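Report on the structure
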2 protein chains.
Amino acid sequence: MAKNISFLTLSFLSLIFTFDTFGQEAKATFIDARELTLVGKIYHKGPFYHRLDTAAIPDLPKAVKVLATHAAGLAITFQTSSSKISAKWCTSSGVPTDNMTGLAFEGMDLYIKRNDRWQYAGVARPKSHNCNEAEIVANMAPGNKTCLLFLPTYDETISLQIGVDAGATISPATHPFKKNIVVYGSSIVQGASASRPGLSYPARLSRETGLNFINLGFSGNAKMETEVANLVSDLSMDALILDCVPNPSPEEVLARTTNFVTTIRKKHPKIPIIAIQSIAREKGNFDTQVASRVSLKNNYFETEIKKLQKHDQNLYLIYADGLLGDDQEGTTDGIHPNDLGFDRMLHKVRPMILKIFRSYEI
Amino acid sequence: MAKNISFLTLSFLSLIFTFDTFGQEAKATFIDARELTLVGKIYHKGPFYHRLDTAAIPDLPKAVKVLATHAAGLAITFQTSSSKISAKWCTSSGVPTDNMTGLAFEGMDLYIKRNDRWQYAGVARPKSHNCNEAEIVANMAPGNKTCLLFLPTYDETISLQIGVDAGATISPATHPFKKNIVVYGSSIVQGASASRPGLSYPARLSRETGLNFINLGFSGNAKMETEVANLVSDLSMDALILDCVPNPSPEEVLARTTNFVTTIRKKHPKIPIIAIQSIAREKGNFDTQVASRVSLKNNYFETEIKKLQKHDQNLYLIYADGLLGDDQEGTTDGIHPNDLGFDRMLHKVRPMILKIFRSYEI
């Protein structure tokens, strides 16, 4: 699918776009991002910017179908010689909730590879809830750059064009991440309250480890239904992380955990499955009902996972104690980790996950 | 000004408010927050929820006058026996920019003292850009609680009523913080991109140290003008922190720093003045113009402060290197620290500040 858009092609296009700007700074040349490399998706079918193609699964809960249209964790990678990068993009007309920034909800953030690391380069700021145009970074030193642009976390991306200097090269880059590590979970996985798209925790894990963490966060709707278990089990994956205790009720955790894990295990007999308890809800610091409900869900989850572990050597459990630190400042609203909370989570969870992966040559 | 609102008064009010709810859960009783204790303001004159009374200073830059109406860093403290706390509040009709949450912009967050620490208890979620009503925390264990509610960071607070259980006590609490440490600076000080009001860095410093950090962050407009120097110098304070390099141009930093510091020094001959360089703009990771501009401003600031230090033993300089960490993930948009960036800043700056304060018995 990837095509090389040559220097010559863009130079020709730039003639068309810039002939009316004689004497002014040359306009950018825009290329449709579908001509570049998409990252963060396992199967390239269905609408380009949807995480999953759910058309063939009529039984899927409606909310999950809608959330699958959000581009959380998807990114576009490309190479360019441009000194400046901009974007024109359209999203559906959703509006951020009070615990999210517009940047995370419907904006984008760009990383560029330097010294073998993905380094923050700029953001595409949304000015409206539909179509936007923004400069992401300018005044870059000459030379070829490998870029990774994370798409809006919580809104459907409808179209995206990437702009470079007239005359600059732009071409699809090699997919930068190896393997497929599916992360199934709630709004926390999807990236609510990360301050920009690339700070959601699966996106950070991808950049930091070089592994391809696939964001299957379904805000408020990661409830381990059988239809979702079937959907996830059909994916080609090397490992699975289950961060899906926050959304279901305690009774649902008790009733559904075993079915969810065994449904996936049937199709993936040997992959590591890593189950993570729900992080503490700081909302429960004083609200005794919230605190006891989270505790009950975590206990049920632990019980079910431990039962399964007796016959499943590739199933792991990570306890949630202390994942957000001990000062109660690691969330935005007592529910969703802020960037500080995510950082603390990753400091603890990342080495645990990588240690497990080493046994599987992941 | 503080009045004790007795149990009896509220019980009487609750009769009025709840007589129509027979058989339902009793409605909350609301009290005007102006009857409670305001925190974060030096002089209690002018409109209650404005940080400063600027009416008497016609020469002040207009933007600074407007920003002084924002309640950044202001908080209400009270004691209550209620099991539930809610709020009704109105703000001006501003809308959050793409790098802010609604919670930080026009919402509130509540902390309750437990084990001698201020601990997060809940948020008041804004549902509209004007007037809102929200439950902040519920289902609390019996007993008296000392509460601290931070007001909206980036919007004018017009009115606020705090709701407690009908029949519960609520009364003004003692001011919890000592001394006055004025922090003059940009949007970073005001609290842009902190995910909720109480996570702005002066607010965190107040809760963590027990000192009264006064938020004089003027978003985009901390430019060290003479009129602002006069305004700040008139405040009664025990220390001053200058975090005001981000907004002025390099030329303004060069031209204004000495005048700003000496104007304040005339009225406050012995207080510690701590000048902080601008944090790195991650936007300058690849944008060479941004990077060199920040570097130039920091060099000019350092030069001016060092000249002043030759004759001023109570003037200190904190260098900005590494304040946001080294992974470039400590900002929301390459300009404003996110909660992770603020946490990293505080880890380095807090001990430096406190060490200086010890010499002054602060």
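Criteria and cut-off values
- Residues numbered from 1 in each chain as written.
- Chains lettered and ligands numbered in written order.
- Predicted model: local features only at pLDDT ≥ 70, side-chain atom pairs only at ≥ 80, totals over all residues.
- Heavy atoms only, no water.
- Helix = DSSP H or I, 4+ residues; strand = E, 2+ residues; numbered from the N terminus.
- Contact = heavy atoms within 4.5 Å.
- Salt bridge = Lys/Arg side-chain N within 4 Å of Asp/Glu carboxyl O.
- Polar contact = N/O pair within 3.5 Å; in protein donor to acceptor, adjacent residues only side chain to side chain.
- Nonpolar A, V, L, I, M, F, W, Y, C, P; charged D, E, K, R; others polar.
- Disulfide = S-S within 2.5 Å.
- Pairing = 2+ DSSP bridges.
- Axes fitted to C-alpha atoms, helices over the stretch in contact; angles between N-to-C directions.
- Buried < 20%, exposed > 50% of the residue type's maximum accessible area, 1.4 Å probe, protein only.
- Domains from an automatic or database assignment.
- Buried area = accessible area lost by both parts, 1.4 Å probe.

1. What to know about the environment of Ser 171 of chain A
Examined against the element boundaries, Ser 171 of chain A turns out to sit in strand S10 (residues 170-172). Between the C-alpha atom of Ser 171 of chain A and that of Ile 31 of chain A, which follows or precedes it by 140 residues, the distance is 9.6 Å.

2. So, the interface of chain A and chain B
Between chain A and chain B, the contact holds 48 residues from the first and 48 residues from the second. Across the contact surface, chain A and chain B share 12 salt bridges. Linking Asp 333 of chain A and Arg 125 of chain B is a salt bridge whose minimum nitrogen-to-oxygen distance equals 3.2 Å. Inspection of the chain A/chain B interface yields 39 residue pairs in polar contact (both at pLDDT 80 or more). Of all the elements in the fold, those that place two or more residues in the side of chain A that touches chain B are helix H3 (102-106), strand S5 (108-114), strand S6 (117-124), helix H5 (201-209), helix H8 (288-309) and helix H9 (339-359) of chain A. For the side of chain A that touches chain B, the element with the most residues is S6 of chain A, which contributes five residues. Here the residues of the side of chain A that touches chain B sort into 16 nonpolar, 14 polar and 18 charged.

3. Section: the state of the cysteines
All names here are of chain A. Counted under the stated rule, the structure contains two disulfides over all chains. With a sulfur-sulfur separation of 2.0 Å, Cys 90 is cross-linked through a disulfide to Cys 131. Looking down the S-S bond of the Cys 90 and Cys 131 bridge, the torsion is 115°, so its handedness is right-handed. With Cys 90 in strand S4 (residues 85-91) and Cys 131 in strand S7 (residues 131-137), the pair connects residues that are 41 residues apart, well separated along the chain.

4. Comments concerning the sheet that holds strand S15 (residues 315-318) of chain A
All names here are of chain A. Reading across from one edge, S12-S11-S13-S14-S15 is the order of the five strands in this open sheet, with parallel pairing throughout. Single-partner strands in this sheet number two, and they are strand S12 (211-217) and S15. Neighbour to neighbour, the strand axes of the sheet diverge by 20° on average, direction disregarded.

5. Let's talk about the pattern of salt bridges
A full pass over the atoms with the stated rule returns 34 salt bridges over all chains. Linking Glu 329 of chain B and Arg 207 of chain A is a salt bridge whose minimum nitrogen-to-oxygen distance equals 2.7 Å. With Glu 329 of chain B in the loop between strand S15 (315-318) and helix H9 (339-359) and Arg 207 of chain A in helix H5, this residue pair bridges two chains. When sorted by exposure, Glu 329 of chain B lands in the same class as Arg 207 of chain A, which is buried. Its salt-bridge partner being Glu 304 of chain A, residue Lys 307 of chain A comes within 3.1 Å of it at the nearest N-O pair. You can see Lys 307 of chain A and its partner Glu 304 of chain A sitting in helix H8, three residues apart, about one turn around the helix. Judged by relative accessible area, Glu 304 of chain A falls into the buried class, the value being 5%.

6. Considerations on the domain arrangement of chain A
All names here are of chain A. Here the domain parsing of chain A yields domain 1 (8-39 + 70-172) and domain 2 (178-359). Between the C-alpha centres of domain 1 and domain 2 there is a distance of 31 Å. The interface of domain 1 with domain 2 comprises 22 residues on the first partner and 19 residues on the second. Where domain 1 abuts domain 2, roughly 1,400 Å² becomes buried across the two surfaces, and 58% of that area is made up of carbon and sulfur atoms. Among the residues of domain 1 in contact with domain 2, Asn 99, Phe 150 and Tyr 154 are the three that bury the most area, contributing 35% of the side total.

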